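Overview (structure and organization)
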Protein chains: 2
Amino acid sequence: MSILVVGSVALDSVKTPLEETKNVLGGSASYFACAASSFGEVRLVAAVGEDFPQQYMDLFNEKGIDITGLQIEDGKTFRWSGVYKEDINQRETLSVDLGVLENFCPELTDKHKKSEYVFLANIDPELQLYVLNQIENPKLVVCDTMDIWIENKKSKLLEVFKRADIVMLNDSEAMQLAGEPDITKAADEILKLGVKYVVIKKGEYGVMLFTGYSRFSLPAYPVKNVIDPTGAGDSFGGGFLGCISKIDIENFRDNIILRALVYGTIMASFTVEDFSLNRLANLSEYEIKKRIKEFIKIPDVRKLTQSFSYV
Amino acid sequence: MSILVVGSVALDSVKTPLEETKNVLGGSASYFACAASSFGEVRLVAAVGEDFPQQYMDLFNEKGIDITGLQIEDGKTFRWSGVYKEDINQRETLSVDLGVLENFCPELTDKHKKSEYVFLANIDPELQLYVLNQIENPKLVVCDTMDIWIENKKSKLLEVFKRADIVMLNDSEAMQLAGEPDITKAADEILKLGVKYVVIKKGEYGVMLFTGYSRFSLPAYPVKNVIDPTGAGDSFGGGFLGCISKIDIENFRDNIILRALVYGTIMASFTVEDFSLNRLANLSEYEIKKRIKEFIKIPDVRKLTQSFSYV
């Protein structure tokens, strides 16, 4: 079924301890859309400038992503540059240039307004709300965010959370939200808004799912050689919601969500194996299935997934 | 399918802020057996003295409990007396007289050795081990205990835990085991022994289930008028294992265990409505079903039970 994603499409410059790239495809919506496109139809709502390379347009097209909502505007594409430290989990932003995102104000087409699954990828919460308000009758709304919005637009962000069924956060963002190093407290705070599920992403330590009456831990897929973690969380979101939209059931149950966590984990594990969307670009269904099979053989994963016989 | 329980059959004297009783039927195995008997065949292994009233033998018989393993020995029945404070969760033991339990050394019959489900109710862990060693091929072993064994026979107790599939503890006992006010730590310690599930009983605050990769919270049934909490934990165990033995599946999954938690909760809720086993004695299947239906309408319970569509 149809997924609509709003977020950023960017040109990233990333430096890791070993290598560096300049002005390559990035952005929350790019990673999400490419990861989710392995599962079904994805509608990308974003803005780029006239400098946006055709090859990336081609990539979206090759992936079957609906880019009728990708506006090419006067100005420059959003640019982000960052550096990863020796500990690959530590990232520092060097520069941000909003470019066309500054005045981005997407109007959805009638078709897009009827989208069933909505992913509000990391972007200004006002923009997330602006898009969400146009969706007529969404079946499921998933929301992601980033530290700068928690810091600068917390009340707006909580307004978005209130409208979401599932909220995703990094562990550091959860602690920032809680105001103390306690992700359970942050999860509780979000659940109290009426959110059904809170997913806490812990990078190489996996993910946690909070439901209010239960919580689950899933380890990460053990990637041998992490090249660049940029976009891992967005790709996780793509695998996660892609999986749910493919099953497309009326009542979301915990076992469906657990299954989606597995797919999200696997999509993220591919993304970090190369810079930009290079690994996702040529990813085959066979590779995904193979890695899923491998992953659910890990004892802790097997226990969790077998316990509700979802596989 | 067949459940074997070893534990105490006692004559209790209980004082609550409002009332008091003397030398009435009590003991971990009595409560367990009566609660579990609503679900299937229960084999009671315990010892009483010659002073044990016939009316309680009659009650076991009426409940269809197999008492061929209930030894009547020279001496006195185990006696316990305690007092509940204004806060009904606070209990103080006034006296304990082991009586025939002092030299109790049960030899199981060939039939009992073939029991499929085993409940090691609260009793000396050496006795629990002694019985467990005689069971030929148990399908599932559940173990309960009490503060005095954690304090005085911890290493023996951990030996029992190591052989159990499911361990039950009160929250205060869990904290005692962890050596600090952290039930998660205690649950982790027990799970590391190879136990599949740890159930933490929190009295009027419900129960928690720990699996290592997930945890669940279930509230208690809101009993309007608690008369005497004695035996609530044992009755919980009876409803819990009774439910599992009735389903009798080969592979235990979390949703079966969650269902069992619901039944355990309901059986405990009846027990506390009167002294001794008075409420369990005349309990009908209709009353149990009615209360289950009521219970799973409570939003927090409904969410948990619906999430895996077990009902």
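Each chain has its residues counted from 1, following the order in which its sequence is written. Numbering of ligands from 1 and lettering of chains from A proceed in the order in which they are written. Residues qualify for local features only when their pLDDT is at least 70, as the model is predicted, and side-chain atom pairs are given and counted only at 80 or more; totals for whole chains, interfaces and linings, by contrast, use all residues.

1. Topic: the overall build of chain A
Looking only at helices and strands, chain A features 13 helices and 13 strands. Radius of gyration here uses only the C-alpha atoms, and the compact-globule reference equals 2.2 Å multiplied by the residue count raised to the power 0.38. Its C-alpha atoms give chain A a radius of gyration of 18 Å, within 12% of the compact-globule value 19 Å for 311 residues. Every C-beta atom is placed from the backbone, and the number of other C-beta atoms within 10 Å of a residue's own sets its class: buried at 20 or more, exposed at 12 or fewer, partly exposed in between. Going through the 311 residues of chain A one by one, you find that 50% of them count as buried. Contacts here follow a simple rule: the backbone-placed C-beta atoms of the two residues must lie within 7 Å. A sequence separation of at least 24 residues applies to 66% of the contacts in chain A between residues at least 6 apart. Numbering of helices and strands starts at the N terminus; helices are DSSP runs of H or I of at least 4 residues and strands are runs of E of at least 2.

2. Quick look at helix H9 (residues 232–247) of chain B
All names here are of chain B. Take the residue count of a helix, subtract one, and multiply by 1.5 Å to get its expected span. End to end, H9 covers 23 Å across 16 residues, agreeing with the expected 22 Å (1.5 Å per residue, within 8%). With 14 of its 16 residues buried, H9 lies for the most part within the structure. Following H9 by one or two positions, Asp-248 adopts a phi angle in the positive range, close to 45°.

3. Let's talk about the confidence of the model for chain A
When pLDDT is averaged along chain A, the result is 94, and 98% of the positions lie at 70 or above. As scored by the predictor, the complex reaches a pTM of 0.84 and an ipTM of 0.71. On a scale of 0 to 100, pLDDT captures the predictor's confidence in every residue.

4. Overview of unusual backbone geometry
Residue and element names in this part refer to chain B. Even without glycine at this site, Asn-23 takes up a positive phi of about 50°. Within the secondary structure layout, Asn-23 lies in strand S3 (residues 20–26). One non-glycine residue, Ser-276, lies in positive phi territory at about 50°. Relative to the helices and strands, Ser-276 resides in the loop between helix H10 (254–271) and helix H11 (278–281).

5. Section: the sheet that holds strand S3 (residues 20–26) of chain A
Residue and element names in this part refer to chain A. Here, a strand pair is defined by DSSP locating no fewer than two bridges between the strands. In space, the four strands of this open sheet follow the order S3-S2-S6-S7, with mixed pairing throughout. The open sheet has two free edges, formed respectively by S3 and strand S7 (91–97), since each of these has just one partner strand. The sheet shows a mean angle of 20° between the axes of neighbouring strands, direction not considered. Here an angle of 0 to 180 degrees is reported between the N-to-C directions of two axes, which are lines fitted to C-alpha atoms, with helices fitted over the stretch in contact.

6. Considering the environment of Ala-35 of chain A
Residues and elements named next belong to chain A. Considering the arrangement of structural elements, one finds Ala-35 in helix H1 (residues 28–36). For the pair formed by Ala-35 and Glu-273, sequence separation is 238 residues and the distance between their alpha carbons is 14 Å. Apart from the residues lying within four places of it in its own chain, the contact partners of Ala-35 are Ser-235, Gly-238, Gly-239, Gly-242, Met-267 and Leu-280.

7. Details of the environment of Gly-99 of chain B
Tracing the sequence through the fold places Gly-99 of chain B in the loop between strand S7 (91–97) and helix H3 (110–113). Ignoring anything within four residues of it in the chain, the contact list for Gly-99 of chain B reads Gly-49, Gly-75, Lys-76, Thr-77, Phe-78 and Arg-79 of chain B.

8. Re helix H2 (residues 54–62) of chain B
Residues lying three or four places apart along an α-helix face the same way, a consequence of the helix completing one turn every 3.6 residues. Residue and element names in this part refer to chain B. Restricting attention to buried positions, one finds in H2 the residues Tyr-56, Leu-59 and Phe-60. Considered in projection along H2, the buried side chains sweep an arc of 100° and stay on one side of the axis. Turned more than 90 degrees away from the buried face of H2 sit Gln-54, Gln-55, Asp-58, Asn-61 and Glu-62, all of them exposed. The inward-facing, buried residues of H2 contact S3, helix H1 (28–36), strand S4 (42–49) and H11. One or two residues past the end of H2 sits Gly-64, with phi positive at roughly 75°. It is the directions from the helix axis to the C-beta atoms that the arc portrays.

9. Things to note about the sheet that holds strand S2 (residues 10–15) of chain B
All names here are of chain B. A sheet is described by the order of its strands in space; here four strands give the open sequence S3-S2-S6-S7, paired in mixed fashion. The open sheet has two edge strands, S3 and S7, and neither has a second partner. Here the average twist between neighbouring strands, direction ignored, is 20°. Relative to S7, strand S6 (residues 78–84) runs antiparallel, the two sharing six bridges. Across the sheet, residue Val-83 finds its bridge partner in S7, namely Glu-92.

10. Topic: the environment of Glu-50 of chain A
All names here are of chain A. Residue placement: Glu-50 occurs in the loop between strand S4 (42–49) and helix H2 (54–62). Under the C-beta neighbour-count criterion, Glu-50 is labelled exposed, with 11 such atoms within 10 Å. In sequence terms Glu-50 and Glu-73 are 23 residues apart; their C-alpha atoms lie 6.3 Å from each other. Sequence-distant contacts of Glu-50, defined by excluding residues within four places in its chain, comprise Ile-72 and Asp-74.

11. Describing the pairing of strand S1 (residues 3–6) of chain B
All names here are of chain B. Neither face of S1 is left uncovered, since the one carrying Ile-3 and Val-5 and the one carrying Leu-4 and Val-6 both have all their residues buried. Sheet topology note: the S1/S4 ladder contains four bridges and is parallel. Each residue of the ladder has a partner; that of Val-6, found in S4, is Val-45. One ladder, built from four bridges, connects S1 with strand S8 (residues 117–120); its direction is parallel. By the bridge assignment, Val-5 is partnered in S8 with Phe-119.

12. Quick look at the pairing of strand S9 (residues 140–143) of chain A
Residues and elements named next belong to chain A. The pairing of strand S8 (residues 117–120) with S9 spans four bridges and is classified as parallel. Following the sheet pairing, Tyr-117 is matched in S9 by Leu-140. On the question of chirality, the crossover connecting S8 to the parallel S9 by way of helix H4 (residues 125–132) is right-handed. As paired elements, S9 and strand S10 (residues 166–170) share two bridges and run parallel to each other. The partner of Cys-143 across the bridge, within S10, is Val-167. A crossover gets the label right-handed when its path from the first strand over the helix to the second runs clockwise, viewed with the strands pointing away from the viewer.

13. Considering the packing of H10 of chain B against helix H12 (residues 285–295) of chain B
Residue and element names in this part refer to chain B. Between H10 and H12, the shortest axis-to-axis distance is 10 Å and the interhelical angle comes to 115°. Between H10 and H12 the crossing geometry is right-handed. Residues Val-262, Thr-265, Ile-266 and Ser-269 of H10 form the contact with H12, whose participating residues are Ile-288, Arg-291, Ile-292 and Phe-295. The sense of a crossing depends on the near helix, which, turned anticlockwise from the far helix by less than a right angle, makes the crossing left-handed and, turned clockwise, makes it right-handed.

14. Description of the packing of helix H4 (residues 125–132) of chain B against helix H6 (residues 154–163) of chain B
Residues and elements named next belong to chain B. Between H4 and H6, the shortest axis-to-axis distance is 8 Å and the interhelical angle comes to 35°. Here H4 and H6 pass one another in a crossing that is left-handed. Of H6, the residues touching H4 (which contributes Pro-125, Glu-126, Gln-128, Leu-129 and Leu-132) are Lys-156, Leu-157, Glu-159, Val-160 and Arg-163. Each residue receives one of three labels: charged for Asp, Glu, Lys and Arg, nonpolar for Ala, Val, Leu, Ile, Met, Phe, Trp, Tyr, Cys and Pro, and polar for the others, Gly being one of them. For the contact of H4 with H6, the per-class residue count stands at five nonpolar, one polar and four charged.

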